[in-house]
2 protein chains.
Amino acid sequence: MLHIEREIAEQPALIGNLLDRESETAGKIANAIREFDPTFIHIAARGTSDNAARYAQYAFGIHAHLPVALATPSIHTLYETTPKLSRALVIGISQSGKSEDVCKVITDAREQGALTVAITNAPESPLAQAAQFHLNVMTGPELSVAATKTYTAQLTAIAMLMTALVDEAELTDSLNRLPDFISETLSLSDDIATWAQRYRYMERLVTIGRGYNYCTAFEISLKIKELCYISGEGYSEADFRHGPFALIDPGFPVFVIAPSGKTLPTLTDFVSKLAERQAETLIISNDPFLLSQGQKKMPLPASLPEWLSPVAAVIPGQIFAMQLALEKGHAVDAPRGLNKVTVTR
Amino acid sequence: MLHIEREIAEQPALIGNLLDRESETAGKIANAIREFDPTFIHIAARGTSDNAARYAQYAFGIHAHLPVALATPSIHTLYETTPKLSRALVIGISQSGKSEDVCKVITDAREQGALTVAITNAPESPLAQAAQFHLNVMTGPELSVAATKTYTAQLTAIAMLMTALVDEAELTDSLNRLPDFISETLSLSDDIATWAQRYRYMERLVTIGRGYNYCTAFEISLKIKELCYISGEGYSEADFRHGPFALIDPGFPVFVIAPSGKTLPTLTDFVSKLAERQAETLIISNDPFLLSQGQKKMPLPASLPEWLSPVAAVIPGQIFAMQLALEKGHAVDAPRGLNKVTVTR
């Protein structure tokens, strides 16, 4: 069995474990956030972890009313200066905890008196040690180069922090159902495996999300690039209408991630525009009408709340990227040109 | 003559005019910023204007030590809530000033007591009217659907605001030389026109920048998508190493924007990695060694300071996108599927 296949399948159990084991830590961090009372959140991350940070923009922005800035680490490393962060909650996200530039943002912020939190899979790592607080995503070693289980665990960690901070019973109840939502989504595996071959000679695609699932569009696009070597771009549906829409010609494949919720009407309109241009749409949703509009349909659990949907909605994309890479005969666990730990300055 | 061709050529004169006519306004806004003393900057923008906002992240982050968050307008529009912005300088950037979502961010922020600034090409527009202050990019009507002169004018407006705020003579002197830097860069037009045909059948590419020119990578990629209908992705060199590097195979075309300055060493290393993979590199730089490593070389003025380089460095990309679209026989001034004003919620 491939590492990535096992790691995708492990997700419900690992997320259940994470919810059990780290909720006390999340509560402590939430108390510290309340006491510190930040005026904004500043998150440093790269690659897949940066997609998790995009989720945090919506989770904290909508529920905790905290604006979230994504850090530009080169200001700290290459330009050797630092923005004023003394009133910020500064979060560093990295699977390995070894990303030098992410670590530098945390170190600089802590020196200024910011409240610092690391989210990693490695409690002994430099990043985990550099921050005042550490939330451990606890997935165990991830052996596939392409991140899957650590991404959904990072999203879960962010959801746990936000939920602990906002402290509403409805959010907590939904969070505890997350392992079931993910299990249900994993049942799409066999179906996706039967049709992935259709895209064997696809040379490009775009992935579209909005709001909470902006991150999902980026992360599915990243998995397809890493594993299948296909130019796959992630977009907000709103940004895509500003220019890139010109790309769409008949047969152009477009992944649309659009669960029920606030973004559904605008994405339903967008899918109708794609249909006018005869694009090929692959739809991840739990809305029956929208699913009916797609050439390929990846149904999500009916009762999945929108705010938690990114944790489940990425999974059909993970499975698709893996299956397509297998169809192409790629070394799925070790894509060309990549290492598991990428050290960037 | 095409509108876009004339609009690209007009840039030095228009930017000279902007520097003359709006510096007093920039000074007034800078005073208001000093008085307000924001803890961070929050910028709402879409498409090309959002690429200008990326420049602001570095310009304000490095020189004014202000962290810059890029807004997620759907929080205001689709999710109908707002993050706390009362301690922020909130800037809305839009050529037309008609973008409803950008306008909503400004309106919400102003209600909370934030300091609000609009940067538009239309002083009577809803966005210009919604903000407390307006900086007019003063380019006159832009008739090409793809933005060129309004983008460099937006970058210049940001540089003017930052320079007025930081108030260092060296920055002001450089800023006043900007029209000359742009004129010199425009002299590349004839050369690019001779070789653009080489890429007639190119089906994908990536554009890479770092730091200040992260925005340039995004904007060149956007022009190529809009005008040539080619999947062109913009990346930070650091993010590209985290995954997308797997895309690179022999002949893969990569635009690298790497002027002299703090990002040059890491980008020079990156170009050597691309050479190992036999990628095709198109280089925009003023570093003689780095230029020598490219299949195509687009030299920038030797004395162009890094912090201002995005205003000039995008120009070879504008010219390339236009010339390639001409080689492909596209309707360059009116790409398929786009309108000049895109209204998104």
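Residues numbered from 1 in each chain as written. Chains lettered and ligands numbered in written order. Predicted model: local features only at pLDDT ≥ 70, side-chain atom pairs only at ≥ 80, totals over all residues. Heavy atoms only, no water.

1. Some details on the overall build of chain A
Right, on to step 1. When its secondary structure is counted, chain A shows 14 helices and 10 strands.
Right, on to step 2. Here chain A has a C-alpha radius of gyration of 19 Å; the compact-globule value for 345 residues is 20 Å, and the two agree.
Right, on to step 3. Counting only C-alpha atoms, chain A reaches 55 × 40 × 40 Å along its principal axes.
Right, on to step 4. Relative to all contacts within chain A whose residues are 6 or more apart in sequence, the contacts with residues 24 or more apart total 76%.
Right, on to step 5. Carbon and sulfur atoms make up 48% of the accessible area of chain A, which amounts to about 11000 Å² in all.
Right, on to step 6. Separation between the mean location of the 29 positive side-chain charges and that of the 38 negative ones in chain A comes to 5 Å. (Helix = DSSP H or I, 4+ residues; strand = E, 2+ residues; numbered from the N terminus. Rg over C-alpha atoms; globule rule 2.2 N^0.38 Å. Contact = heavy atoms within 4.5 Å. Areas by Shrake-Rupley, 256 points an atom, 1.4 Å probe, with all protein chains shown as cover. Lys, Arg positive; Asp, Glu negative; His and termini not counted. Charge placed at Lys NZ, Arg CZ, Asp CG, Glu CD.)

2. Focus on the sheet that holds strand β7 (residues 231-236) of chain B
All names here are of chain B.
Right, on to step 1. One open sheet accounts for 5 strands, arranged β7-β6-β8-β9-β10; its pairing is parallel. The outermost strands of the open sheet, each flanked by one partner alone, are β7 and β10 (296-299). Strand-to-strand twist across the sheet, computed as the mean angle between neighbouring axes with direction ignored, equals 15°.
Right, on to step 2. Relative to β10, strand β9 (residues 280-285) runs parallel, the two sharing 4 bridges. Pairing of I283 across the sheet is with K297, part of β10. (Pairing = 2+ DSSP bridges. Axes fitted to C-alpha atoms, helices over the stretch in contact; angles between N-to-C directions.)

3. Here's the deal with the packing of helix α2 (residues 11-36) of chain A against helix α6 (residues 149-166) of chain A
Residues and elements named next belong to chain A.
Right, on to step 1. As a packed pair, α2 and α6 sit with axes 8 Å apart at the nearest point and diverge in direction by 40°. In terms of their interaxial angle, α2 and α6 are classed as oblique. Between α2 and α6 lies a crossing whose hand is right-handed.
Right, on to step 2. A breakdown of the residues in the contact of α2 with α6 according to their chemical character gives 14 nonpolar, 5 polar and 3 charged. (Parallel < 35°, antiparallel > 145°, perpendicular 65-115°, else oblique. Left-handed = near helix turned anticlockwise from the far one by under 90°. Nonpolar A, V, L, I, M, F, W, Y, C, P; charged D, E, K, R; others polar.)

4. With respect to the relation of the copies chain A and chain B
Right, on to step 1. Placing chain A over chain B gives an RMSD of 0.0 Å and needs a rotation angle of 180°, together with 0.0 Å of translation along the axis. Look at the turn and shift together and you get a two-fold axis relating the two. Nearest to the rotation axis, the C-alpha of A69(A) is located 2.0 Å from it, this being the minimum over chain A.
Right, on to step 2. The overlap is high: 100% of the interface residues of chain A also sit at the interface in chain B, so the same surface is used on both sides. (Least-squares fit on C-alpha atoms with pLDDT ≥ 70 in both.)

5. Things to note about the domain arrangement of chain A
All names here are of chain A.
Right, on to step 1. In terms of domain boundaries, chain A breaks down into domain 1 (3-176) and domain 2 (184-327).
Right, on to step 2. Taken over C-alpha atoms, the centre of domain 1 sits 25 Å from the centre of domain 2.
Right, on to step 3. Counting from both sides, the interface comprises 29 residues of domain 1 and, opposite them, 22 residues of domain 2.
Right, on to step 4. For the pair domain 1 and domain 2, the summed buried area comes to about 2100 Å², and 72% of that belongs to carbon and sulfur atoms.
Right, on to step 5. For the interface between domain 1 and domain 2, the tally reads 0 salt bridges.
Right, on to step 6. Among the secondary structure elements, those contributing two or more residues to the side of domain 1 that touches domain 2 are α1 (3-9), α2, α3 (48-63), α6 and α7 (169-176).
Right, on to step 7. Looking at which element gives the most residues to the side of domain 1 that touches domain 2, the answer is α3, with 8 residues.
Right, on to step 8. Partitioning the side of domain 1 that touches domain 2 into residue classes produces 17 nonpolar, 10 polar and 2 charged. (Domains from an automatic or database assignment. Buried area = accessible area lost by both parts, 1.4 Å probe. Salt bridge = Lys/Arg side-chain N within 4 Å of Asp/Glu carboxyl O.)

6. A few points about the interface of chain A and chain B
Right, on to step 1. With 69 residues of chain A in contact, the opposing surface of chain B contributes 69 residues.
Right, on to step 2. In this assembly, chain A packs against chain B so that about 5600 Å² is buried in total across both faces, 56% of it on carbon and sulfur atoms.
Right, on to step 3. It is Y79(A), H242(A) and R336(A) that lose the most area in chain A upon contact with chain B, and together they represent 12% of the buried surface on that side.
Right, on to step 4. On the surface where chain A and chain B come into contact, there are 4 salt bridges.

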